[in-house]
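Residue-level structural notes
Each chain, written out:
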Amino acid sequence: MPELPPTVFVLFGATGDLAARMVLPAFDRLDRRGLLPPDWRLVGSGRGERSDDDFRQLVTGALAEHGDGEPSAGLLERLRFAGGGHTPEDPGQLVDVVARAREELGGSAQLVHYLAVPPEAFGDTTRALHTHGLTEGARVVYEKPYGTSPDGFRELDDLVHSVLDEDQVFRIDHFLGKEGTQDLHVLRFANGLFSSVWSREHVAQVQIDVPETLDVADRAEFYDATGAVLDMLVTHLFQVAAEVAMEPPASLTPADLQEAREAVLAAFRPLAREDVVLGQFEGYRDIADVADDSRTDTFVAARLHVDTDRWRDVPFLLRTGKRMAESQQRVTLVLRRPDGPVGALPGGGNTVSLSLSGAGSLDLGLVAKRPGPDLELAVAGTTLDLGAVPGGDPLPAYASLIHDVLVGDRSLFTTSAGLAHAWRAVGPVLDDPPELRPYAPGSWGPAEAAALADPCGWALGS
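If you're wondering where the values come from, they're calculated on a predicted model, not measured in any experiment. (Residues numbered from 1 in each chain as written. Predicted model: local features only at pLDDT ≥ 70, side-chain atom pairs only at ≥ 80, totals over all residues. Heavy atoms only, no water.)

What to know about the UniProt feature "active site" (unreviewed entry) in the protein
Within this structure's numbering, the places UniProt gives as "active site" (unreviewed entry) are His236. Considering the arrangement of structural elements, one finds His236 in helix α10 (residues 227-245). In this structure His236 touches Lys144, Asp173, His174, Phe175 and Asp231, once residues within four positions along its chain are discounted. Among the polar contacts listed, one links the side chain of His236 to the side chain of Asp173, at a separation of 2.6 Å. (UniProt positions renumbered as here; feature names shortened; annotations may be inferred. Helix = DSSP H or I, 4+ residues; strand = E, 2+ residues; numbered from the N terminus. Contact = heavy atoms within 4.5 Å. Polar contact = N/O pair within 3.5 Å; in protein donor to acceptor, adjacent residues only side chain to side chain.)

The following block contains the structure:
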């Protein structure tokens with residue numbers, strides 16, 4: 001690991017839910033693992049007035065609820081707070097607090113800004129950073145969604161590029177930071193067993209399935225303005241599809257990985273209305289902060305086509321929703337049935353399935369002889385727990401991505417060009433959405449979504 005310079009982190013939205021659940025626990029995990037710079041400060045930025053000690057108490061409470069327990073004394077003593085907000089018109093306390101923190105670190109510490117704020121605040125926060133002299137040499141991390149519409153994406157991206165170079169910008173999609181997603185590179189490119197079947201000749205379908213049992217009651221106002229298509233499809237599911245579908249890069253260096261991901265995103269065929277099913281779970285409109293006539297989708301299933309020689313005519317089936325039967329994060333390649341003397345095969349035949357949850361696992365679905373005197377076939381399976389690989393010590397996605405920002409590794413971050421391709425692919429559905437279908441909580445979504453996976457059927461819930 002390269003030697004890391006003294007660093008001042010600025011966490012915008014430091015008192016918010018995202019910071020408490022994801023970002024602060026990630027810093028704590030990196031601190032416990034010794035993966036932060038030898039000397040650093042974390043400056044929380046917020047509208048309210050808080051002392052440094054008040055911020056330390058907030059962080060301690062967040063880590064008790066969402067992290068690994070009591071933070072170290074070393075972490076707490078590095079915390080600072082800058083109140084008064086930070087807008088183009090008024091820098092609040094931030095400029096002065098950052099200057100003092102840099103002085104404590106020797107005066108030339110690098111700056112990393114993390115925007116854990118609602119997407120509508122990205123523009124003003126970016127303008128404020130530039131106006132008040134906090135962008136030179138800095139790295140700026142943007143949460144998703146980076147834009148909430150094709151036009152909004154272009155407007156934000158133009159603004160960002162007017163004040164920052166592209167290599168300063170780190171657009172987070174935490175699904176790319178998952179251990180399981182990263183294992184897609186290695187399992188595919190380092191194992192002939194998988195690389196030899198990773199194409200249309202052998203794969204009948206690719207399924208990327210992220211059903212969730214979660215409700216949205218604790219963030220209904222945000223969710224009702226967003227929905228499943230914007231929250232999950234054009235972000236996480238498209239990016240994972242690009243990981244599966246990309247051509248082998250020239251190397252696994254950041255630039256080559258990003259170039260390969262961009263190229264395949266450019267090959268995504270814009271979604272057709274008949275290839276998308278939208279749903280809303282029954283009772284959603286009864287939730288506080290949800291409009292009585294809300295048309296927000298809490299479920300989306302889509303049949304995506306990738307127009308490359310490798311994947312032409314192979315459907316990529318993407319599905320996610322709230323209040324569904326199970327919570328999983330899974331990529332499944334459904335292999336074509338082999339020619340030969342074996343007739344009807346039980347179940348779905350061969351599958352290669354990768355769980356993206358936690359440290360990840362690899363699951364193989366096989367057909368085998370059922371033990372006994374007769375030649376009777378049965379479905380069998382085997383699982384490799386990727387977290388149990390010898391010497392492994394997995395990092396949560398947010399911790400992994402924050403560490404990549406520190407070392408300047410952009411492998412797992414989205415690019416401006418790649419996101420432009422993603423917005424182009426989802427544009428027809430936003431312009432002319434299909435009818436919203438109701439579905440029962442605890443189900444697998446609207447019945448109409450089953451037909452998208454014909455003739456193989458969904459690997460989950462079928």
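So much for the structure itself; the text now carries on.
Things to note about the pairing of strand β2 (residues 40-45)
Across the 6 residues of β2, 6 count as buried, placing the element largely inside the fold. With 4 bridges joining them, β2 and strand β3 (residues 79-82) adopt parallel strand pairing. Its bridge partner being in β3, Ser45 is matched across the sheet by Ala82. (Buried < 20%, exposed > 50% of the residue type's maximum accessible area, 1.4 Å probe, protein only. Pairing = 2+ DSSP bridges.)

Considering the pattern of salt bridges
Inspection of every chain in the model, using the stated rule, returns 28 salt bridges. Two residues, Arg154 and Asp151, come together in a salt bridge whose shortest N-O distance is 2.4 Å. Linking Arg154 with Asp151, this pair stays in helix α6 (residues 150-163), spanning 3 residues, or about one helical turn. Classification of Arg154 as partly exposed rests on a relative accessible area of 44%. (Salt bridge = Lys/Arg side-chain N within 4 Å of Asp/Glu carboxyl O.)

A closer look at the sheet that holds strand β14 (residues 377-385)
Strands sit in the order β14-β13-β12-β11-β7-β10-β9-β8-β15 across an open sheet of 9 strands; the sheet is mixed. Every other strand in the sheet has two partners, leaving β14 and β15 (436-439) as the edge strands with one partner each. For this sheet, the mean angle separating the axes of adjacent strands, direction not counted, is 20°. Bridge count for strand β9 (residues 299-304) against strand β10 (residues 316-321) is 6 bridges, and the pairing is antiparallel. Across the sheet, Leu304 pairs through a bridge with Phe316, a residue of β10. (Axes fitted to C-alpha atoms, helices over the stretch in contact; angles between N-to-C directions.)

Let's talk about the packing of helix α1 (residues 17-32) against helix α12 (residues 397-407)
The contact between α1 and α12 brings their axes to 8 Å, and the two run at 65°. Considering only the axes of α1 and α12, their crossing is right-handed. Between α1 and α12, the residues in contact are Leu18, Met22, Val23, Ala26, Phe27, Arg29 and Leu30 and Tyr398, Ala399, Ile402 and His403, respectively. (Left-handed = near helix turned anticlockwise from the far one by under 90°.)

Details of unusual backbone geometry
The amide bond that connects Lys144 to the next residue, Pro145, takes the cis arrangement and shows omega of 0°. Structurally, the position occupied by Pro145 is in the loop between β5 (139-142) and α6. At the junction of Asp454 and Pro455, the peptide bond is cis and its omega measures out at 0° in the coordinates. Of note, Pro455 is situated in the segment after β15. If you check the backbone angles, Asp313 has positive phi at about 75° while not being a glycine.

Points about the environment of Arg337
Locating Arg337 in the fold gives a position in the loop between β11 (330-335) and β12 (351-355). Residue classification places Arg337 among the partly exposed residues on the basis of a relative accessible area of 45%.

Describing the domain arrangement of the protein
By the assigned domains, the protein splits into domain 1 (7-172) and domain 2 (175-395 + 416-452). Taken together, the contacts link 16 residues of domain 1 with 12 residues of domain 2. Buried area between domain 1 and domain 2, both sides added, is near 1200 Å², and the carbon and sulfur share of it is 67%. Looking at the side of domain 1 facing domain 2, the largest losses of area belong to Arg33, Lys144 and Phe153, adding up to 44% of the total buried there. On the surface where domain 1 and domain 2 come into contact, there are 1 salt bridge. Where Lys144 meets Asp231, a salt bridge forms, and the shortest distance between an N and an O atom there is 2.6 Å. At the boundary of domain 1 and domain 2, one finds 2 residue pairs in polar contact (both at pLDDT 80 or more). At the level of secondary structure, the elements contributing two or more residues to the side of domain 1 that touches domain 2 comprise α1 and α6. (Domains from an automatic or database assignment. Buried area = accessible area lost by both parts, 1.4 Å probe.)

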